Amino acid sequence: MQLSVDERDELRISVRRLLERASSSEAVRARLDDPVGFDAELWGQMVELGWLAIHVPEEHGGAGAGYAELAIVLHELGRQITPSPFLATAVLATRALLEADNEALRAELLPALVAGEQRASVAVTNEHGSCDVSQLSVLWEREGGGVRLRGTASFAPDVVGADTLFVAARAAHGEVALVAVEPTAPGVAIDPMAMIDRTRRLARVTFDDVVVAEEQLLCDPGPRSQSVVERLVSLGAIVVACDATGVAERVMERTAEYAKERVQFGKPIGSFQAVKHHCANMLVAVEGSRAAVRDAIDALDDPGSDLPFAAAVASSYVGPAASGVCGLSVQVHGGIGFTWEHDAHLCLKRAKLDEAWFGTPAWHRRHLADTVFPAGTPR
Amino acid sequence: MIEELAALEPFRQEVRAWCAAHVPTNWREEQQGGEHDRYAEFGRWWGSELRAAGWFAPHWPEEWGGGFSVAEQVVLAEELARGDAPRNGLYQVSLYNAAPAIIHLGSDEQRQRWLPGMLDGQVWCQGFSEPNAGSDLAGLQTRAVREGDHYVVTGQKVWTSLATEADWCILLARTDPDAPKHKGISYLILDMHSPGVDVRPLRQATGASEFCELFLDEVVVPVEHRIGEENGGWNVAQTSLDSERAVVILELSERLRRNGLEAVIAESAQWLLEGGGRAGDDAAVRETFGARYAEALVLRRLINDMIADIILGGDVGGTPSVIKLMYTELLQGLMRDATDRQGLAAHVDRPLLLSAGWETGSWMMDYVNSYGWTIAGGSNEIMRNVIGERVLGLPR
């Protein structure tokens, strides 16, 4: 059930109210060096408030709303640069199960995710950071009815403490498989990666002859699994664009406030056109990013849409636009914006990670070009 | 809005079929290298085609032959762009600048006086900017001195498009030199055939002479040719509706995507790279145009959402300024990309397509021409001041 405009506003207000309190700058900073990297109490509140269930169909224990509603939460998490396993569990892993053909597995795992009893994540990025399915660096081969996994996936979010990991793997002949693995299973090694954006927890996951039973396959290996993995990557790209837009929006507001207050040469610096125009450029980038995200979110809610195309448009535009806002913010703040104690660098680092995650803008632009104007065709 | 557009599907098909039957397939070739007179003649002919279809002034009130809903105007604009119809550029000032002021702020007598002529195809021009009043338009110095039942107007205007063709001119002139600058200006309608009006074509950076200088030497303008109050002209000049401007920018952006971006991409497939191979197969070229394509789609979404807000009666805030910046900078960036990717071959001079907007047929010349867009209509620097001050609340 879609929410009305008023109901969406109410949801936005309640999400913002909670996060401004529970994910203040102090609260975010308290987690920067913590290995788990998120506030369990806040996670519990998200579960209790039903944020994990917003977009899950009612027959699976969800609220049956759409991504338009979920995007409100994602945008606000960006505004507060909240460290949270929400992206991994509620968005990516939940979607993997909703897409899965394996109904028994879905029936077993999805209710536990929606209820917050378990956490899960996905490993769809290769060891060097590519999300192109042709480059997957976890390899699979048949082992009875199931599969045997070897190789490494990097940049998997919030794997430490997760109960299940959905792993994308590629066979020597190119077929893609998507399988559920317990991170504690024998042969699975998890190495947390030191990231410059300390509001995120990503890990390298190595599979050393890990045998996975047939019941753990989400879909048949081959085109069906490949299309699910591609859609997960698209979803990831759209979600990080949504996050980055939230980051940029709040950064713009705070920068404009600062430009009104900070006095140099006897005037607020915002009265100088050089500064004013930086701020105006920030607003253009934020308005454009919001429009790009609305378009991409509509595509997520439309079963007939071309999701990789929508993700490519969002990533191509929002990636550099949002991170550009964060860069301008450092510049406008001047010396104070270059200090560790100011949040400007946290926002810049998060927006730059969002830009590169689930496909760089360059990769997405090539996909866009391939869709709109195929190469090598006579005209 | 989506439901409303779905209901307009039959109208969309009607416009599409009409375009297929009426848009000359060779109009670009025909206009290539055309002289100004031929352009004006073509523009008048195209205006009469639109008039015959009933689509000349769709945004006007119903009693004046318009009465199209905003959604219908959107469909019409989209389909004219899709069908690669020529722009109705000759009548831009009459239909979108002069008419809103007269319709909303003029008297019945004034509406009867001028609107039928506009519908019959009279050309209007705009005398706002002056050599010393560009971005600071309110600093204009052209004087209108009241003498009984008329004004005597003396001064100089510049950037007056199509003044050589025009029958009428909307003119801003100073009627109170002692008042604060915004409060001493009146909005007058000038008969271009009056004694004392001297029009001199002004050659632009592209070589074309679409603009003119307008010299006014003691020109008599009857008082009943004033729209609105004496000294109230500044507000009259801002009369066009959000929806009218929104539909114009929607049509421009659709044309940029279809006839600009897609044409650049199609052509680039044939451009030869210095190291061998074709530009259309080069990864860096493809990335560049992929990025521009995304920008065009994002701009389109922003405009769509603004139009939906207008239909719902919402406040569009600073969005029109944001859209002006995005559109003009996408246009300029795309033309620069095309010029750069075409390489040295882009710099060969050739006959231009006159006044079709940016579509001159030469990407380098379109790039030169793009500065007209980033300067006109409130320069982009002024737009950034507007956004900074009115949207973000920064001090002046």
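1. Observations regarding the overall build of chain B
Then comes step 1: Of the regular secondary structure elements, chain B holds 13 helices and 8 strands.
Then comes step 2: For chain B, whose C-alpha radius of gyration is 22 Å, the value lies close to the compact-globule estimate of 21 Å for 396 residues.
Then comes step 3: Taken along its principal axes, the extent of the C-alpha atoms in chain B is 75 × 50 × 45 Å.
Then comes step 4: Counting across all 396 residues of chain B, residues that qualify as buried make up 44%.
Then comes step 5: Here the contacts in chain B between residues at least 6 apart in sequence split such that 72% fall between residues at least 24 apart.

2. Section: the domain arrangement of chain B
Then comes step 1: Assigned domains of chain B: these are domain 1 (2–87), domain 2 (122–233) and domain 3 (242–391).
Then comes step 2: Put simply, the middle of domain 1 of chain B and the middle of domain 2 of chain B, counted by C-alpha atoms, are 30 Å apart.

3. What about helix H5 (residues 70–82) of chain B?
All names here are of chain B.
Then comes step 1: Counted at 1.5 Å a residue, the expected span for H5 with its 13 residues is 18 Å, and the 18 Å between its end C-alpha atoms agrees.
Then comes step 2: Among the 13 residues in H5, 11 count as buried, and that is most of the element.
Then comes step 3: Buried residues of H5: Val 70, Glu 72, Gln 73, Val 74, Val 75, Leu 76, Ala 77, Glu 78, Glu 79, Leu 80 and Ala 81, and no others.
Then comes step 4: Where H5 terminates, the next one or two residues include Asp 84, which has phi positive at roughly 55°.

4. Concerning the packing of helix H9 (residues 307–333) of chain A against helix H10 (residues 344–356) of chain A
Residue and element names in this part refer to chain A.
Then comes step 1: Remark: H9 packs on H10, axes separated minimally by 8 Å, with the N-to-C direction vectors making an angle of 165°. It follows from the interaxial angle that H9 and H10 lie roughly antiparallel. Judged by the twist between their axes, the crossing of H9 over H10 is left-handed. Listed contacts from H10 to Gly 319, Pro 320, Ala 322, Ser 323, Cys 326, Gly 327, Ser 329, Val 330 and His 333 of H9 are Ala 344, His 345, Cys 347, Leu 348, Ala 351, Lys 352, Asp 354 and Glu 355.
Then comes step 2: Here the residues of the contact of H9 with H10 are counted per class, giving 8 nonpolar, 6 polar and 3 charged.

5. Quick look at the pairing of strand E5 (residues 185–191) of chain B
Working note: regular strand, side chains alternate between the two faces of the sheet.
All names here are of chain B.
Then comes step 1: The buried count for E5 comes to 6 of 7 residues, which makes it a mostly enclosed element.
Then comes step 2: The pairing of strand E4 (residues 168–174) with E5 spans 7 bridges and is classified as antiparallel. Residue pairing for E5: Trp 168 is matched across the bridge by Asp 191.
Then comes step 3: Note that E5 and strand E8 (residues 226–227) share 2 bridges and pair antiparallel. Looking at E8, one finds that Leu 188 is bridged to Arg 226.

6. Digging into the domain arrangement of chain A
Residue and element names in this part refer to chain A.
Then comes step 1: As assigned here, chain A comprises domain 1 (5–119), domain 2 (121–220) and domain 3 (225–372).
Then comes step 2: Summarising the inter-unit geometry, the C-alpha centres of domain 1 and domain 3 are found 21 Å apart.
Then comes step 3: On the domain 3 side, the residues contacting the 18 residues of domain 1 number 22 residues.
Then comes step 4: At the level of elements, helix H4 (67–79) and helix H5 (86–99) are the ones that each hand at least two residues to the side of domain 1 that touches domain 3.
Then comes step 5: For the side of domain 1 that touches domain 3, the element with the highest residue contribution is H4, accounting for 9 residues.
Then comes step 6: Residues of the side of domain 1 that touches domain 3, tallied by class, amount to 10 nonpolar, 4 polar and 4 charged.

7. Some details on the interface of chain A and chain B
Then comes step 1: Between chain A and chain B, the residue contacts involve 32 residues of the former and 34 residues of the latter.
Then comes step 2: Among the elements that take part in the side of chain A that touches chain B, helix H8 (residues 273–301) of chain A stands out by supplying 13 residues, more than any other.
Then comes step 3: Class assignment of the residues belonging to the side of chain A that touches chain B gives a composition of 17 nonpolar, 7 polar and 8 charged.

8. Examining the nonpolar core
Residue and element names in this part refer to chain A.
Then comes step 1: Counting residues in hydrophobic clusters, the biggest one holds 237 residues, and the most contacted among them are Ile 238, Ala 296, Val 313 and Ala 314.
Then comes step 2: For this core, the element with the highest residue contribution is helix H7 (residues 223–261), accounting for 19 residues.
Then comes step 3: With near-sequence residues (within four places) excluded, Ala 314 lies in contact with Ala 237, Ile 238, Ala 241, Ala 292, Val 293 and Ala 296.

9. Focus: the environment of Gly 65 of chain B
Residues and elements named next belong to chain B.
Then comes step 1: Position of Gly 65 among the secondary structure elements: in the loop between helix H4 (36–53) and H5.
Then comes step 2: In sequence terms Gly 65 and Gly 47 are 18 residues apart; their C-alpha atoms lie 14 Å from each other.
Then comes step 3: Setting aside residues up to four positions removed in sequence, Gly 65 forms contacts with Ala 57, Trp 60 and Leu 119.

10. Details of the environment of Asp 343 of chain A
Then comes step 1: Mapping Asp 343 of chain A onto the fold places it in the loop between H9 and H10.
Then comes step 2: Through-space distance from the C-alpha of Asp 343 of chain A to that of Val 330 of chain A is 9.4 Å; in sequence the pair is 13 residues apart.

11. Brief notes about unusual backbone geometry
Residue and element names in this part refer to chain A.
Then comes step 1: Non-glycine residue Phe 155 carries a positive phi angle of around 60°.
Then comes step 2: Its place among the elements puts Phe 155 in strand E3 (residues 146–157).
Then comes step 3: One non-glycine residue, Asp 158, adopts positive backbone phi at about 45°.
Then comes step 4: Within the fold, Asp 158 resides in the loop between E3 and strand E4 (164–170).

Cut-off values and rules
Residues numbered from 1 in each chain as written. Chains lettered and ligands numbered in written order. Predicted model: local features only at pLDDT ≥ 70, side-chain atom pairs only at ≥ 80, totals over all residues. Helix = DSSP H or I, 4+ residues; strand = E, 2+ residues; numbered from the N terminus. Rg over C-alpha atoms; globule rule 2.2 N^0.38 Å. Buried ≥ 20, exposed ≤ 12 C-beta atoms within 10 Å, placed from the backbone. Contact = placed C-beta atoms within 7 Å. Domains from an automatic or database assignment. Expected span 1.5 Å × (residues − 1). Axes fitted to C-alpha atoms, helices over the stretch in contact; angles between N-to-C directions. Parallel < 35°, antiparallel > 145°, perpendicular 65-115°, else oblique. Left-handed = near helix turned anticlockwise from the far one by under 90°. Nonpolar A, V, L, I, M, F, W, Y, C, P; charged D, E, K, R; others polar. Pairing = 2+ DSSP bridges. Core = buried A, V, L, I, M, F, W, Y, C linked by C-beta atoms within 7 Å.

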